Amino acid sequence: MRFKIRRFDGERSYWQEFDVPVKRGMTVLEALYYIKENLDPTLSFRASCRMGVCGSCAVRINGKPRLACETQVSKLKEPVKIEPLKNFNVIRDLVTDFEGFFKKHEIVKPYLIRKSEGEIRQTPEQLKRYYIYTLCIKCGACMSACPVAKNCLGPMPVVSAYRFNEDSRDEGKEERLKILSDHIWHCHFVAECSEVCPKDLNPAEVIQKLRLEVLKFSMRW
Amino acid sequence: MSFHNVFAVLMKFDVVIVGAGLAGMRAAIAIAEKNSRVSIAIIAKTYPIRCHSVCAEGGTAAVLDENDSFDLHAWDTIKGSDFLADQDAVEFFVRECPKEILTLDAWGCPWSRTPDGRIAQRPFGGHSFNRTVFAMDRTGFHEVHTLYERMLMFPNIERFNEFFLTNLIVEDNTVKGVTAIDLKTGELVLFEAKAVILATGGAGRIYGFTTYSHTVTGDGMAVAYRCGVPLKDMEFFQFHPTGLVPSGILMTEACRGEGGYLLNKNGERFMKKYAPERMELAPRDVVARAMWREIIEGRGLEGDYGPYIALDLTHLGEEKIEERLPLIRETAMKFAGIDPVEEPIPVKPVAHYTMGGIHTNVNCETPIKGLFACGEVACISIHGANRLGSNSTAECLVFGRVAGERALEYVLKRDFKSVSRKEFEREESRIFDELLGRSGDESPYAIKRELNETMDKNLWIFREEKGMKEAVKKIRELKERYKNVEIVDKHRGFNTDLIQTLEIGYMLDLAEVVAICALLRKESRGAHYRLDYPKRDDENWLKHSLAYKTADGVKVDYLPVTITKWKPTERRY
Amino acid sequence: MPSLNTIAFYLHRITGVILAIYLCMHLGFLTTVKTGEYSSLIKVTLSRQFLPFDLMLFLIGIYHGVNGIRLIIHEFGFLYRHRKILLYLTFIITAVLWVVVAWEVVM
């Protein structure tokens, strides 16, 4: 199977083609490793857990940001085009700079803010309210798909903020809403983030829900 | 090509933590919470939330229920360890576990709950009480994210993401700092430190069929070993009974904890022959051996990738699987095309955990002053010859904190010792001139492939003298060939070719230690099972092995096991 | 090929810009009432040759309006689960409205 990979060596960027023998059940990540170990050791990409929980290997596959480790090669159209994520600066080949991404995450105070002490109880129903939003693996797919993320917070940090706001143990909702009031209005509801999220978190919905809450909060309803 | 004109970057921190997984981050937070003036650097070759700890699934053991007891947890752990664990360390460990669970609760970990809002607990292999605290089947993932998020609150923790450890700087048996490659720029960076905490995890990628992430290559272990720190009990490598065929992705023990069966090709629950009482929930070494025996004796199911055992969850029903094991379902569907609600999952024993590691005492101190180790990289030892499921994440949390606290005490009484420019230049030249600059005719990846094959064949679940001797010979041959590798990629920025070659060098050293220690231990204990010595031999072998690096190769010494209350008995499940 | 979401987004922006330019021109146009040139200008724009421009303007205005309503609905957190249907509906409603209006004008 033919792979077209977008290369960048620090100065020059170009397309390079590779032919990879495909086995049943092979993933794009395995194909990348095959290329690195057998065809061109200079190919750089990130990978770690290879089971879709660490979030290292998000790249654009045939134009769509996805996790390389959980994308089956057999389901793709040939030639398979692999490019680095959009809205990130490319360091080398498929490796992009995530420093800014994690800085954005920090802005929303993504941690439990809690002044009270003592035993904590949380019912399964309370857990359910926010649990799905804890599943964000911070792979950057949503940021790549969003047409405006380069100039604003982007979907990922908003999901993080929402996750803590909805947690019954948290006492920092107001602080976060105050911060979000400066950031949340950039969204144009393209909803592309929800389309590409490998964990199906619907960031677009979360952003709209938070907008209403920020509005209520700023008007002190 | 010359690499000499690179400007040496120097950083100075009171404590440098290498590795940003559960243990490393727990240590960083422990220090920062107690003292806001101590400067802490946490360096890791991945971003913190990309660490291998996120792959931990099943849970974290802790005594929370009033009907459970510390003694029972300690006894389960010691019996599980086949009596090789140091009992004083285990007693300390079990008492600290519950505190960590509650701490993480207050930091936002989404523990699974009982209907009245308490933290839920599930049964696990080798534990005689339901004491495994869990967050669905993504426990490690949630713990890592909770710690990472918590870490953001402390301004004195500085994170150095994507820095690859190359060496420790040790003089007069005291650590003075570490050197690491900044992946982004490709420069070697010197971190001067009063204390160094190693938390770099296990060495699992020496095996081919493994649950480990691609990044788990035993860097910290190998670097410490090269600096003269002994590695303890390296022959004990845990094989997890249920790795997904063919990728080796972990199918958590919680599958069995929640009631899953292991079936052979006749559809029988063969565990009744091997562990009539505990059945599927016997410790991992027992279950893995039983499965391997079934496969060898021809009672495995036949698939495209050779024989396997069926992990049957179908009787649990969709609701329970979705509620308790959603990740297992997602992974089985994505990577094997099988929905566990409808059909059994194909599994096989798989290399999973490094029981051995850097020799430390219960305070996480290594024989080198100022050097601490915690988590999987260390061997304290609470796991002995076989770790119980859900004790590893607990270990990372408990001993991460201990390492942090001890390191803090240590640095408050110390001054910086300067590192000579020469030492730094020597390291620079070793990596960039000797390794990157060299031409040769060996591919590092071919060496790694052969190493994996050797380990999978000769140091697997059933071991014997002949195979292990072959492995030692093969590994030594690979080490010779490694001297002749060529790194094709000559760029400096994000050179993963260079990094992986360095990793393979680390793995070769560690594989040699594993093979030699295994060859020397002439008994069967826990995960180390020898066909030629199938019995445990307490008279001669109730002791830890300590492997030192010397000029003429690996030297193995022995250390007695600490026994407090529990005398070794026969192990039945 | 960009997805329909992205197309809708870019169309919304482009039509918005065009409408803004149109609005400026329109206001400029109105100021000519004072100077007396208005009646000669209005004659030009009411001519048959100008009709295609008018029709385009209707299309642009209708799309921007209908899509705007869709966005407002979502921004208040409603009907999120049906976002795909709403997206298709936006295009369908735009087309239908435009045909009706164009029919009225042309006839």
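Every residue gets a number counted from 1 within its own chain, in the order that chain's sequence is written. Going through the entries in the order they are written, you letter the chains from A and number the ligands from 1. Only residues with pLDDT of at least 70 are given local features in this predicted model, and only at 80 or more are side-chain atom pairs given and counted; all residues enter the totals for whole chains, interfaces and linings. For the side-chain quantities, the full set of heavy atoms in the structure was used; hydrogens and water were omitted.

### A closer look at unusual backbone geometry
The general pattern is negative phi for most residues beyond glycine and trans for most peptide bonds. That bond from B:V245 to B:P246 is cis: its omega, 5°, falls within 30 degrees of zero. Counting from the N terminus, the helices are DSSP H or I runs at least four residues long and the strands are E runs at least two residues long. Within the element layout of this structure, B:P246 appears in the loop between β11 (237–244) and α6 (254–257). For the bond from B:I380 to B:S381, the omega torsion is -5°, close enough to zero to count as cis. As for its position among the elements, B:S381 is in the loop between β18 (378–379) and α11 (391–412). Even without being glycine, A:K109 reaches a positive phi, approximately 50°. Relative accessibility thresholds used throughout: buried, under 20% of the residue-type maximum; exposed, over 50%; partly exposed, between the two (1.4 Å probe, protein chains only). With a relative accessible area of 27%, A:K109 lands in the partly exposed category. Not every positive phi belongs to a glycine, and C:L79 is a case in point at roughly 50°. Topologically, C:L79 is positioned in the loop between α3 (51–75) and α4 (83–106). Under the relative-accessibility criterion, C:L79 is labelled partly exposed at 42%.

### Topic: the packing of aromatic side chains
Side-chain rings of Phe, Tyr and Trp (the six-membered ring for Trp) are treated as a pair once their centres are within 6.5 Å; stacked means planes under 30 degrees apart, edge-to-face means over 60, and tilted covers the remaining angles. Applying the stated rule across the entire model yields 34 aromatic pairs over all chains. With centroids separated by 6.4 Å and ring planes inclined at 35°, the aromatic side chains of B:F13 and B:F191 adopt a geometry described as tilted. In this pair, B:F13 is assigned in strand β1 (residues 9–18) and B:F191 in strand β9 (residues 187–198), connecting sequence segments 178 residues apart. Take B:F13 and B:F191: they sit in the same class, and that class is buried. Consider the rings of B:F163 and B:F191, whose centres lie 5.9 Å apart with planes at 70°: the pair is edge-to-face. Placement of B:F163 in strand β7 (residues 163–171) and of B:F191 in strand β9 is noted, with a sequence separation of 28 residues between them. The exposure class of B:F191 is buried, given its relative accessible area of 0%. Ring pairs connect the aromatic residues A:F88, A:F98, A:F101, A:F102, B:Y47 and B:Y148, which therefore count as one cluster. Remark: a charge is flagged as sitting over a ring if the NZ atom of Lys or the CZ atom of Arg is within 6 Å of the ring centre and within 35 degrees of the ring normal. The ring of B:W541 has B:K543 lying over it, and the distance from NZ or CZ to the ring centre is 5.0 Å.

### Describing the domain arrangement of chain B
All names here are of chain B. An automatic or database domain assignment provides the domain bounds reported here. Structurally, chain B comprises domain 1 (9–236 + 358–412), domain 2 (243–352) and domain 3 (421–538). A C-alpha centroid distance of 24 Å is found between domain 1 and domain 3. Contacts were defined at the residue level, with two residues in contact if any of their heavy atoms lie within 4.5 Å. Each partner contributes residues to the interface: domain 1 has 43 residues there, and domain 3 has 38 residues. Of the roughly 3600 Å² buried where domain 1 meets domain 3, counting both sides, 62% is carbon and sulfur surface. Once two parts are put together, the accessible area they lose, assessed with a 1.4 Å probe and summed over both, is termed the buried area. By the criterion of area lost to domain 3, the three top residues of domain 1 are I206, Y207 and E235, representing 21% of everything that side buries. Basic side-chain nitrogens of Lys or Arg form a salt bridge, by our definition, when they fall within 4 Å of a carboxyl oxygen of Asp or Glu. The tally of links between domain 1 and domain 3 comes to four salt bridges. Linking E503 and K45 is a salt bridge whose minimum nitrogen-to-oxygen distance equals 2.7 Å.

### Notes on the interface of chain A and chain B
Each side of the interface is counted separately: chain A has 59 residues, and chain B has 62 residues. When the two sides are added together, the surface that chain A and chain B hide from each other amounts to roughly 5100 Å², 52% of it contributed by carbon and sulfur. Here chain A is connected to chain B by nine salt bridges. Residue A:R46 pairs with B:E162 through a salt bridge whose shortest N-O separation is 2.5 Å. Polar contact is the term for a pair of N or O atoms within 3.5 Å; when the atoms are in protein, one must be able to donate a hydrogen and the other to accept it, and sequence-neighboring residues count only if both atoms are side-chain atoms. The tally of links between chain A and chain B comes to 33 residue pairs in polar contact (both at pLDDT 80 or more). Secondary structure elements with two or more residues in the side of chain A that touches chain B: α1 (28–39), β6 (90–92), α2 (99–107), α3 (124–131) and α5 (155–165) of chain A. With five residues, the top contributor of residues to the side of chain A that touches chain B is α1(A).

### What to know about the sheet that holds strand β5 (residues 132–133) of chain B
Reading across the sheet, the three strands line up as β3-β5-β4 (chain B) and stay open at both edges, with antiparallel pairing between neighbours. In this open sheet, the two strands that pair with only one neighbour each are β3 (60–61) and β4 (121–122) of chain B. We call two strands paired when DSSP finds no fewer than two bridges between them.

### Some points on the side chain of B:S53
All names here are of chain B. Its place among the elements puts S53 in the loop between β2 (40–44) and β3. With relative accessibility at 18%, the residue S53 sits in the buried group. At 3.1 Å, the side chain of S53 and the backbone nitrogen of L22 are in polar contact. Beyond its immediate stretch of four places on either side in the chain, S53 contacts G21, L22, G140, F141 and V144.

### Here's the deal with the packing of helix α2 (residues 70–80) of chain B against helix α3 (residues 87–106) of chain B
Residue and element names in this part refer to chain B. In the contact formed by α2 and α3, the axes pass within 9 Å of each other and the chain directions differ by 130°. Taken together, the axis directions place α2 and α3 in an arrangement best described as oblique. Taken as a pair, α2 and α3 cross one another with a handedness that is right-handed. On the side of α2, the interface is formed by F70, H73, A74, T77 and I78, while α3 contributes Q87, V90, F93, V94, R95, C97 and P98. Of the residues contributing to the contact of α2 with α3, the split by class is eight nonpolar, three polar and one charged. Whenever a helix is involved, its axis is fitted only over the stretch in contact; in every case the axis is a line through C-alpha atoms, and angles between N-to-C directions fall within 0 to 180 degrees. Oblique is the label for any angle not under 35 degrees, not over 145, and not in the 65 to 115 range, which are roughly parallel, roughly antiparallel and roughly perpendicular in turn. Note on convention: near helix rotated counterclockwise from far helix by under a right angle means a left-handed crossing. Clockwise means right-handed. Each residue gets one label: Ala, Val, Leu, Ile, Met, Phe, Trp, Tyr, Cys and Pro are nonpolar, Asp, Glu, Lys and Arg are charged, and the others, such as Gly, are polar.

### Topic: the pairing of strand β3 (residues 58–61) of chain A
Along a regular strand, successive side chains alternate from one face of the sheet to the other. All names here are of chain A. Neither face of β3 is left uncovered, since the one carrying A58 and R60 and the one carrying V59 and I61 both have all their residues buried. The pairing of β3 with strand β4 (residues 64–67) spans four bridges and is classified as antiparallel. Across the sheet, residue A58 finds its bridge partner in β4, namely L67. Between β3 and β4, which pair antiparallel and follow one another directly, the connecting turn spans two residues, one of which, N62, has a positive phi of 45°. When β3 meets strand β5 (residues 80–83), the two strands line up antiparallel, connected through two bridges. Counted as the bridge partner of R60 is E83 from β5.

### Here we look at the interface of chain C and chain A
The parts lose accessible area when they come together, and the size of an interface is often stated as this lost area. In this assembly, 15 residues from chain C lie in contact with 15 residues from chain A. Both faces considered, chain C and chain A share a buried interface measuring about 1500 Å² in area, 54% of it formed by carbon and sulfur atoms. Taken as a group, C:F9, C:E75 and C:Y80 account for 38% of the area that chain C buries against chain A, more than any other trio of residues on that side. Viewed at the interface, chain A and chain C are joined by ten residue pairs in polar contact (both at pLDDT 80 or more). Contributions of two or more residues to the side of chain C that touches chain A are made by α1 (4–35), α3 and α4 of chain C. The dominant element in the side of chain C that touches chain A, judged by the number of residues it contributes, is α1(C), at five residues. Residue composition of the side of chain C that touches chain A, by class: five nonpolar, four polar and six charged.

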